[in-house]
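# Structural overview
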Amino acid sequence: MEYKIADYKTEVHNDWCAGCGDFGILNSIQMALFELQIKPHEAAIFSGIGCSGKTPHFINTFGIHTLHGRVLPFAQGAKLSNPNLNVVAVGGDGDGLGIGSGHFVNAGRRNIDITYIIFNNGVYGLTKGQASPTLKLGMKTKSLSQPNVNESINPIALACISGFTFIARGYSYDVRFLKEIIKKGIMHKGLSFIDVLQPCPTYNDINTKDWYQSLITDENNPEVKIPRIYKLEDEGYSGIVKEPNEAPLKVVEAIKKSNEWGNKIPVGIFYENNNVPTFEERLQARIENYKTYPPADQIIADMDGNTNVNIDLLIDELKANDNLN
Ligand code: SF4
Ligand code: MG
(Lines give C-alpha, C1' and ligand atoms only; values in the text may rest on other atoms or scores of the structure.)
(Ligands and ions follow the chains in the order given, each with its own letter.)
Protein backbone atom coordinates (compact mmCIF):
# COMPACT_ATOMS: atom_id res chain seq x y z
CA MET A 1 0.00 0.00 0.00
CA GLU A 2 1.30 3.43 -0.91
CA TYR A 3 0.71 6.12 1.71
CA LYS A 4 -0.34 9.64 0.72
CA ILE A 5 0.83 12.84 2.35
CA ALA A 6 -2.67 13.20 3.85
CA ASP A 7 -2.08 9.96 5.77
CA TYR A 8 0.51 11.78 7.91
CA LYS A 9 -1.80 14.66 8.86
CA THR A 10 -4.45 14.97 11.57
CA GLU A 11 -7.54 17.13 11.87
CA VAL A 12 -6.41 18.63 15.19
CA HIS A 13 -6.84 22.42 15.27
CA ASN A 14 -3.49 24.21 15.04
CA ASP A 15 -3.22 27.41 17.07
CA TRP A 16 0.40 28.37 16.34
CA CYS A 17 0.68 32.10 15.53
CA ALA A 18 0.33 33.12 11.89
CA GLY A 19 3.73 33.03 10.18
CA CYS A 20 5.38 30.86 12.86
CA GLY A 21 8.38 28.90 11.61
CA ASP A 22 6.95 25.81 13.29
CA PHE A 23 4.65 25.29 10.30
CA GLY A 24 7.62 24.76 7.98
CA ILE A 25 9.14 22.20 10.34
CA LEU A 26 5.84 20.35 10.71
CA ASN A 27 5.44 20.18 6.92
CA SER A 28 9.04 19.01 6.54
CA ILE A 29 8.56 16.15 9.02
CA GLN A 30 5.31 15.05 7.36
CA MET A 31 6.89 15.19 3.90
CA ALA A 32 9.98 13.29 5.08
CA LEU A 33 7.82 10.49 6.55
CA PHE A 34 5.74 10.41 3.38
CA GLU A 35 8.69 10.34 0.97
CA LEU A 36 10.35 7.60 2.99
CA GLN A 37 6.98 5.78 3.00
CA ILE A 38 7.33 5.08 6.71
CA LYS A 39 4.14 3.40 7.81
CA PRO A 40 2.29 5.74 10.20
CA HIS A 41 1.82 2.91 12.71
CA GLU A 42 5.56 2.23 12.66
CA ALA A 43 6.52 5.79 13.63
CA ALA A 44 6.31 7.66 16.91
CA ILE A 45 6.82 11.39 17.51
CA PHE A 46 7.62 12.59 21.02
CA SER A 47 7.73 16.20 22.19
CA GLY A 48 8.66 18.23 25.21
CA ILE A 49 6.89 21.37 26.44
CA GLY A 50 6.59 24.60 24.46
CA CYS A 51 4.96 25.71 21.22
CA SER A 52 6.80 22.91 19.41
CA GLY A 53 5.42 20.45 21.96
CA LYS A 54 2.16 20.45 20.02
CA THR A 55 3.79 18.89 16.95
CA PRO A 56 2.78 15.25 17.68
CA HIS A 57 -0.87 16.36 17.81
CA PHE A 58 -0.66 17.26 14.13
CA ILE A 59 1.13 14.16 12.81
CA ASN A 60 -0.81 10.96 12.29
CA THR A 61 1.61 8.56 13.96
CA PHE A 62 1.95 7.31 17.49
CA GLY A 63 3.32 9.94 19.84
CA ILE A 64 3.33 11.51 23.25
CA HIS A 65 3.45 15.17 24.30
CA THR A 66 5.71 14.57 27.29
CA LEU A 67 7.20 16.66 30.11
CA HIS A 68 9.41 19.73 30.16
CA GLY A 69 12.96 18.73 29.18
CA ARG A 70 12.14 15.02 29.23
CA VAL A 71 11.50 14.25 25.59
CA LEU A 72 14.74 12.33 25.08
CA PRO A 73 14.19 9.84 27.94
CA PHE A 74 10.71 9.06 26.54
CA ALA A 75 11.96 8.74 22.98
CA GLN A 76 14.97 6.62 23.90
CA GLY A 77 12.84 4.36 26.08
CA ALA A 78 10.36 3.80 23.27
CA LYS A 79 13.12 2.94 20.82
CA LEU A 80 14.78 0.52 23.22
CA SER A 81 11.46 -1.19 23.92
CA ASN A 82 10.67 -1.45 20.24
CA PRO A 83 13.81 -1.15 18.06
CA ASN A 84 11.66 -1.52 14.93
CA LEU A 85 9.91 1.81 15.58
CA ASN A 86 10.97 4.99 13.73
CA VAL A 87 11.32 7.48 16.56
CA VAL A 88 11.50 11.26 16.17
CA ALA A 89 11.84 13.58 19.17
CA VAL A 90 11.02 17.28 18.83
CA GLY A 91 11.25 20.22 21.18
CA GLY A 92 12.22 23.82 21.65
CA ASP A 93 15.63 25.28 22.37
CA GLY A 94 14.59 26.17 25.92
CA ASP A 95 13.18 22.71 26.51
CA GLY A 96 16.13 20.75 25.12
CA LEU A 97 19.09 22.96 26.01
CA GLY A 98 17.87 24.43 29.31
CA ILE A 99 16.19 21.94 31.61
CA GLY A 100 16.80 19.10 29.13
CA SER A 101 20.53 19.69 28.57
CA GLY A 102 21.63 16.81 30.81
CA HIS A 103 19.53 14.41 28.76
CA PHE A 104 20.92 15.95 25.55
CA VAL A 105 24.53 15.30 26.57
CA ASN A 106 23.90 11.79 27.88
CA ALA A 107 21.87 10.79 24.83
CA GLY A 108 25.01 11.51 22.82
CA ARG A 109 26.94 8.94 24.83
CA ARG A 110 24.48 6.21 23.89
CA ASN A 111 23.93 6.76 20.16
CA ILE A 112 20.41 5.31 20.15
CA ASP A 113 18.98 5.23 16.63
CA ILE A 114 16.49 8.12 16.87
CA THR A 115 16.23 11.64 15.42
CA TYR A 116 16.02 14.75 17.61
CA ILE A 117 14.85 18.02 16.06
CA ILE A 118 15.15 21.30 17.98
CA PHE A 119 12.89 24.19 16.91
CA ASN A 120 15.41 26.94 17.66
CA ASN A 121 13.95 30.44 17.98
CA GLY A 122 16.05 31.89 20.82
CA VAL A 123 13.07 32.44 23.12
CA TYR A 124 10.61 30.61 25.33
CA GLY A 125 7.70 31.37 22.98
CA LEU A 126 4.91 29.61 24.87
CA THR A 127 5.60 31.61 28.05
CA LYS A 128 5.81 35.00 26.33
CA GLY A 129 9.33 35.30 25.01
CA GLN A 130 11.88 35.02 27.82
CA ALA A 131 15.52 34.56 26.69
CA SER A 132 16.30 30.92 25.95
CA PRO A 133 19.74 29.24 26.09
CA THR A 134 20.36 29.95 22.39
CA LEU A 135 19.72 33.71 22.50
CA LYS A 136 23.02 35.50 21.90
CA LEU A 137 24.63 37.62 24.61
CA GLY A 138 23.51 41.25 24.41
CA MET A 139 20.42 40.64 22.28
CA LYS A 140 17.29 42.43 23.38
CA THR A 141 14.19 40.84 21.96
CA LYS A 142 10.92 42.61 22.56
CA SER A 143 9.92 40.80 25.76
CA LEU A 144 13.17 41.60 27.54
CA SER A 145 13.52 44.76 29.61
CA GLN A 146 17.35 44.54 29.34
CA PRO A 147 19.66 42.91 26.77
CA ASN A 148 20.35 39.22 27.38
CA VAL A 149 23.00 38.95 30.11
CA ASN A 150 23.98 35.32 29.42
CA GLU A 151 26.23 33.74 26.83
CA SER A 152 24.41 31.38 24.48
CA ILE A 153 24.79 27.63 23.92
CA ASN A 154 25.89 26.50 20.46
CA PRO A 155 23.68 23.40 19.91
CA ILE A 156 25.78 22.04 17.03
CA ALA A 157 28.99 22.26 19.06
CA LEU A 158 27.32 20.67 22.08
CA ALA A 159 26.05 17.80 19.92
CA CYS A 160 29.56 17.36 18.47
CA ILE A 161 31.27 16.97 21.83
CA SER A 162 28.43 14.87 23.27
CA GLY A 163 28.77 12.10 20.68
CA PHE A 164 25.81 12.56 18.32
CA THR A 165 26.67 10.80 15.07
CA PHE A 166 24.59 12.88 12.63
CA ILE A 167 24.53 16.64 13.21
CA ALA A 168 22.83 19.07 10.87
CA ARG A 169 21.04 22.41 10.66
CA GLY A 170 18.10 23.54 8.57
CA TYR A 171 15.99 26.65 8.18
CA SER A 172 12.26 26.31 8.74
CA TYR A 173 11.17 28.32 5.68
CA ASP A 174 13.34 26.26 3.32
CA VAL A 175 11.01 23.28 3.58
CA ARG A 176 12.43 21.35 0.65
CA PHE A 177 15.99 21.46 2.01
CA LEU A 178 14.88 20.80 5.60
CA LYS A 179 12.81 17.82 4.48
CA GLU A 180 15.90 16.30 2.83
CA ILE A 181 17.94 16.85 6.00
CA ILE A 182 15.23 15.20 8.11
CA LYS A 183 15.07 12.23 5.73
CA LYS A 184 18.83 11.78 6.06
CA GLY A 185 18.58 12.10 9.83
CA ILE A 186 15.87 9.42 9.99
CA MET A 187 17.82 7.11 7.67
CA HIS A 188 21.04 7.55 9.64
CA LYS A 189 21.87 4.57 11.84
CA GLY A 190 22.46 6.25 15.19
CA LEU A 191 21.54 9.40 17.07
CA SER A 192 20.72 12.32 14.76
CA PHE A 193 20.42 15.92 15.82
CA ILE A 194 18.88 18.61 13.62
CA ASP A 195 19.01 22.23 14.76
CA VAL A 196 16.30 24.17 12.92
CA LEU A 197 16.48 27.96 12.74
CA GLN A 198 12.86 28.85 13.41
CA PRO A 199 11.67 32.47 13.35
CA CYS A 200 9.16 33.26 16.10
CA PRO A 201 7.44 36.35 14.67
CA THR A 202 5.59 36.98 17.92
CA TYR A 203 8.51 37.24 20.36
CA ASN A 204 11.84 37.27 18.51
CA ASP A 205 11.90 40.55 16.56
CA ILE A 206 15.63 40.25 15.74
CA ASN A 207 16.16 36.84 14.08
CA THR A 208 13.12 37.28 11.86
CA LYS A 209 12.29 35.74 8.51
CA ASP A 210 13.37 38.99 6.83
CA TRP A 211 16.67 38.97 8.73
CA TYR A 212 17.46 35.35 7.88
CA GLN A 213 16.50 35.85 4.25
CA SER A 214 18.13 39.24 3.65
CA LEU A 215 21.06 39.61 1.28
CA ILE A 216 24.42 40.72 2.66
CA THR A 217 27.49 42.18 0.98
CA ASP A 218 30.00 39.58 -0.23
CA GLU A 219 33.22 40.10 1.75
CA ASN A 220 35.26 39.21 -1.37
CA ASN A 221 33.37 41.55 -3.67
CA PRO A 222 31.57 44.61 -2.25
CA GLU A 223 29.57 44.93 -5.49
CA VAL A 224 27.87 41.57 -4.96
CA LYS A 225 25.02 40.69 -2.61
CA ILE A 226 24.71 37.11 -1.39
CA PRO A 227 22.23 35.25 0.85
CA ARG A 228 22.95 35.30 4.58
CA ILE A 229 22.11 31.58 4.84
CA TYR A 230 24.31 29.34 2.72
CA LYS A 231 24.55 25.58 2.25
CA LEU A 232 27.70 23.87 3.53
CA GLU A 233 27.86 21.64 0.46
CA ASP A 234 27.97 24.73 -1.80
CA GLU A 235 31.31 25.63 -0.19
CA GLY A 236 32.61 22.11 -0.71
CA TYR A 237 32.33 21.24 2.98
CA SER A 238 31.76 17.61 3.88
CA GLY A 239 31.28 16.47 7.47
CA ILE A 240 31.24 12.77 6.60
CA VAL A 241 33.71 10.63 8.55
CA LYS A 242 35.08 8.11 6.06
CA GLU A 243 37.58 6.37 8.35
CA PRO A 244 37.04 6.04 12.13
CA ASN A 245 40.32 7.81 12.90
CA GLU A 246 39.12 10.93 11.03
CA ALA A 247 36.37 11.52 13.62
CA PRO A 248 38.24 13.88 16.02
CA LEU A 249 39.37 16.14 13.16
CA LYS A 250 35.87 16.21 11.67
CA VAL A 251 34.43 17.15 15.06
CA VAL A 252 36.82 20.10 15.27
CA GLU A 253 35.93 21.22 11.72
CA ALA A 254 32.21 20.96 12.48
CA ILE A 255 32.54 23.04 15.65
CA LYS A 256 34.54 25.67 13.76
CA LYS A 257 31.85 25.86 11.06
CA SER A 258 29.07 26.02 13.64
CA ASN A 259 30.60 29.17 15.12
CA GLU A 260 29.83 31.10 11.91
CA TRP A 261 26.95 33.46 12.58
CA GLY A 262 25.74 36.91 11.61
CA ASN A 263 26.54 37.56 7.96
CA LYS A 264 27.27 33.89 7.19
CA ILE A 265 24.98 31.21 8.56
CA PRO A 266 25.65 27.66 7.35
CA VAL A 267 22.96 25.00 6.96
CA GLY A 268 23.40 21.35 6.00
CA ILE A 269 25.24 18.39 7.48
CA PHE A 270 28.04 19.42 9.83
CA TYR A 271 29.05 15.93 10.91
CA GLU A 272 28.14 12.36 10.03
CA ASN A 273 29.81 9.28 11.44
CA ASN A 274 28.46 5.87 10.45
CA ASN A 275 31.21 3.94 12.24
CA VAL A 276 29.89 4.10 15.81
CA PRO A 277 27.85 1.14 17.15
CA THR A 278 24.33 2.05 18.20
CA PHE A 279 23.16 1.42 21.74
CA GLU A 280 20.80 -1.23 20.35
CA GLU A 281 23.78 -3.06 18.83
CA ARG A 282 25.61 -2.89 22.15
CA LEU A 283 22.53 -4.34 23.87
CA GLN A 284 22.19 -7.06 21.26
CA ALA A 285 25.76 -8.11 22.00
CA ARG A 286 24.82 -8.59 25.66
CA ILE A 287 21.21 -9.74 25.56
CA GLU A 288 20.44 -12.68 23.33
CA ASN A 289 17.48 -12.08 20.98
CA TYR A 290 17.14 -8.44 22.07
CA LYS A 291 16.37 -7.33 18.51
CA THR A 292 14.32 -10.33 17.42
CA TYR A 293 12.32 -10.47 20.65
CA PRO A 294 12.41 -6.93 22.08
CA PRO A 295 10.50 -5.85 25.20
CA ALA A 296 7.58 -4.46 23.16
CA ASP A 297 6.91 -7.92 21.70
CA GLN A 298 7.07 -9.78 24.97
CA ILE A 299 3.99 -11.06 26.75
CA ILE A 300 4.10 -9.43 30.14
CA ALA A 301 1.00 -10.90 31.82
CA ASP A 302 -1.06 -14.07 31.78
CA MET A 303 -4.82 -14.15 31.14
CA ASP A 304 -5.46 -13.12 34.77
CA GLY A 305 -3.14 -10.14 34.58
CA ASN A 306 -0.38 -11.72 36.65
CA THR A 307 3.10 -10.78 35.52
CA ASN A 308 5.19 -13.41 33.87
CA VAL A 309 8.19 -11.17 33.28
CA ASN A 310 11.49 -12.69 34.21
CA ILE A 311 13.89 -9.94 35.18
CA ASP A 312 16.70 -12.26 36.31
CA LEU A 313 18.86 -11.26 33.34
CA LEU A 314 18.43 -7.57 34.15
CA ILE A 315 19.20 -8.17 37.82
CA ASP A 316 22.37 -10.01 36.80
CA GLU A 317 23.39 -7.01 34.66
CA LEU A 318 22.92 -4.63 37.57
CA LYS A 319 24.58 -6.77 40.24
CA ALA A 320 27.74 -5.31 41.73
CA ASN A 321 30.76 -7.47 41.27
CA ASP A 322 31.52 -8.66 44.80
CA ASN A 323 34.57 -10.68 43.75
CA LEU A 324 36.76 -7.64 43.48
CA ASN A 325 39.00 -8.46 46.42
FE1 SF4 B 1 5.42 30.25 16.99
FE2 SF4 B 1 6.44 32.10 18.57
FE3 SF4 B 1 3.79 31.93 18.26
FE4 SF4 B 1 5.12 30.06 19.61
S5 SF4 B 1 4.91 32.21 20.20
S6 SF4 B 1 3.52 29.69 18.05
S7 SF4 B 1 7.07 29.93 18.50
S8 SF4 B 1 5.29 32.46 16.69
MG1 MG C 1 12.23 28.37 21.87
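As recorded by an unreviewed UniProt entry, the chain carries the name 2-oxoglutarate oxidoreductase subunit KorB and is attributed to Candidatus Nitrosocosmicus franklandianus.

## Details of the site of ligand 1
Ligand 1 sits among W16, C17, C20, C51, N121, G125, Q198, C200, P201, T202 and Y203. Under a 2 Å grid-point criterion requiring more than half of the atoms, the pocket assigned to ligand 1 is the second largest pocket. Here the shell around ligand 1 is composed, by residue class, of 7 nonpolar, 4 polar and no charged.

## A closer look at helix α9 (residues 247-258)
Compared with an ideal rise of 1.5 Å per residue, which puts 12 residues at 16 Å, α9 spans 16 Å between its outermost C-alpha atoms and is within 8% of the ideal. Within α9, the full set of buried residues consists of A247, K250, V251, A254, K257 and S258. One side of α9 holds all its buried residues, which, seen down the axis, span an arc of 130°. In α9, those exposed residues whose orientation departs by more than 90 degrees from the buried face are P248, L249 and K256.

## Re the packing of aromatic side chains
Following the criterion strictly, the structure yields 14 aromatic pairs and no others. Pairing Y171 with Y173 gives two aromatic rings, centres 5.7 Å apart and planes at 70°, and the pair type is edge-to-face. Taking relative accessible area as the criterion, Y173 reaches 26% and is therefore assigned partly exposed. Here the aromatic cluster, defined as three or more aromatic residues joined through ring pairs, consists of Y171, Y173, W211, Y212 and W261. The cationic tip of K209 hangs over the ring face of Y173; the distance from NZ or CZ to the ring centre is 4.8 Å. When the ring centre of Y230 is taken as origin, the NZ or CZ atom of K264, which lies over that ring, is 4.9 Å away.

## Points about the coordination of the magnesium ion (ligand 2)
For the magnesium ion (ligand 2), every protein donor is listed as D93 (OD), N121 (OD1) and V123 (O), and the spread of their distances is 2.1 to 2.2 Å. Between consecutive donor residues of the magnesium ion (ligand 2), the sequence gaps follow D-x27-N-x1-V. Taken together, the residues span a long stretch of sequence, with D93 in helix α4 (residues 93-99) and V123 in strand β5 (residues 123-124) at a distance of 30 residues. Each member of the pair D93 and V123 is classed as buried.

Definitions and limits used
Residues numbered from 1 in each chain as written. Chains lettered and ligands numbered in written order. Predicted model: local features only at pLDDT ≥ 70, side-chain atom pairs only at ≥ 80, totals over all residues. Heavy atoms only, no water. Near = heavy atom within 4 Å. 1 Å grid on protein atoms, 1.4 Å probe; cavity = no way out; pocket = protein on both sides within 12 Å on 5 of 7 lines; lining within 4 Å. Sits in = over half its atoms within 2 Å of the grid points. Nonpolar A, V, L, I, M, F, W, Y, C, P; charged D, E, K, R; others polar. Helix = DSSP H or I, 4+ residues; strand = E, 2+ residues; numbered from the N terminus. Expected span 1.5 Å × (residues − 1). Buried < 20%, exposed > 50% of the residue type's maximum accessible area, 1.4 Å probe, protein only. Arc of directions from axis to C-beta. Phe/Tyr/Trp six-rings, centres within 6.5 Å; stacked < 30°, edge-to-face > 60°. Lys NZ or Arg CZ within 6 Å of the ring centre and 35° of its normal. Donors = N, O, S within 2.8 Å, 3.2 Å for Na, K, Ca; no water.

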